Amino acid sequence: IAGALYVYFFRTIVPTQFDFSRTIMYIAMILVGGLGRIWGSILGAAFIQLLDEGLRIITTSYLTPTFPGIAAFLEPFKLVLFGGIVILIILVEPNGLVALLRRVKQYLKLWPFRY
């Protein structure tokens, strides 16, 4: 379904649109969200996109004007920081964001009276 929607949106499809970094992003979305769960894929995609945009905004809007001499260093640093955050999330919560969301929901359900 996703492939059909992608073709419909862009009107063409060629193999060069799917490079290695895009493949890594898709795998990271699934792993961070939670394997085998539809909500996990949705949460993972939203989290990875927000993380990528947040790091892009921080590096281009805040750090590049402040430190113009290190602009060439910031792009690889952004990728290293992105990878580190994804690995940290996978290590901290191996079942993905869905399991974390489920635990928060369970905690809030019993919040005032945990006994």
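Residues numbered from 1 in each chain as written. Predicted model: local features only at pLDDT ≥ 70, side-chain atom pairs only at ≥ 80, totals over all residues. Heavy atoms only, no water.

Asks: So what exactly am I meant to see when it comes to the nonpolar core here?
Replies: In summary, soluble globular proteins display a tendency toward joint burial of nonpolar side chains. Grouped together as the largest cluster of nonpolar side chains are 11 residues: Met25, Ala28, Met29, Val32, Ile48, Leu51, Leu55, Phe82, Val86, Ile89 and Leu97. Of all elements in the fold, only helix H2 (20–33), helix H3 (38–66) and helix H4 (71–92) reach the threshold of two or more residues within this core. A per-element tally of this core places H2 first, with 4 residues. (Core = buried A, V, L, I, M, F, W, Y, C linked by side-chain atoms within 4.5 Å. Buried < 20%, exposed > 50% of the residue type's maximum accessible area, 1.4 Å probe, protein only. Helix = DSSP H or I, 4+ residues; strand = E, 2+ residues; numbered from the N terminus.)

Asks: Looking at this structure, I do not really get the side chain of Lys78. What am I missing?
Replies: Secondary-structure assignment places Lys78 in helix H4. When residues no more than four places from it in sequence are discounted, the contact partners of Lys78 are Asp52, Leu55, Arg56 and Thr59. (Contact = heavy atoms within 4.5 Å.)

Asks: Please clarify how a nonpolar patch on the surface should be interpreted in this entry.
Replies: On the surface, Phe67, Ile70, Phe73, Phe77 and Leu81 cluster together into a nonpolar patch covering about 460 Å² of accessible area. As for its placement among the helices and strands, Leu81 is situated in helix H4. (Patch = residues over 30% accessible without salt bridge, like charges linked within 9 Å, V, L, I, M, F, W, Y side chains within 5 Å. Areas by Shrake-Rupley, 256 points an atom, 1.4 Å probe, with all protein chains shown as cover. Salt bridge = Lys/Arg side-chain N within 4 Å of Asp/Glu carboxyl O.)

Asks: What exactly am I supposed to notice about the side chain of Glu93 here?
Replies: Structurally, Glu93 can be placed in the loop between H4 and helix H5 (97–109). The buried category is assigned to Glu93, whose relative accessible area is 11%. For Glu93, the residues in contact, after removing those within four places along its chain, are Ala99, Leu100 and Arg103.

Asks: Hey, could you run me through the packing of aromatic side chains in this one?
Replies: Summed over the entire model, instances satisfying the criterion amount to 2 aromatic pairs. Residues Tyr6 and Phe10 carry aromatic rings whose centres are separated by 4.7 Å and whose planes lie at 55° to one another, so their mutual orientation is tilted. Taken together, the positions of Tyr6 and Phe10, both in helix H1 (residues 2–10) and 4 residues apart, correspond to about one turn of that helix. Given a relative accessible area of 18%, Tyr6 falls into the buried group. A relative accessible area of 42% means that Phe10 is categorised as partly exposed. Seen in terms of ring centroids, Phe9 and Phe10 are 4.8 Å apart; in terms of plane orientation they differ by 85°. Their pairing is edge-to-face. Through successive ring pairs, a cluster of aromatic residues spans Tyr6, Phe9 and Phe10. Stacked on the ring of Tyr8, the Lys or Arg Arg11 has its end atom at 4.9 Å from the ring centre. (Phe/Tyr/Trp six-rings, centres within 6.5 Å; stacked < 30°, edge-to-face > 60°. Lys NZ or Arg CZ within 6 Å of the ring centre and 35° of its normal.)

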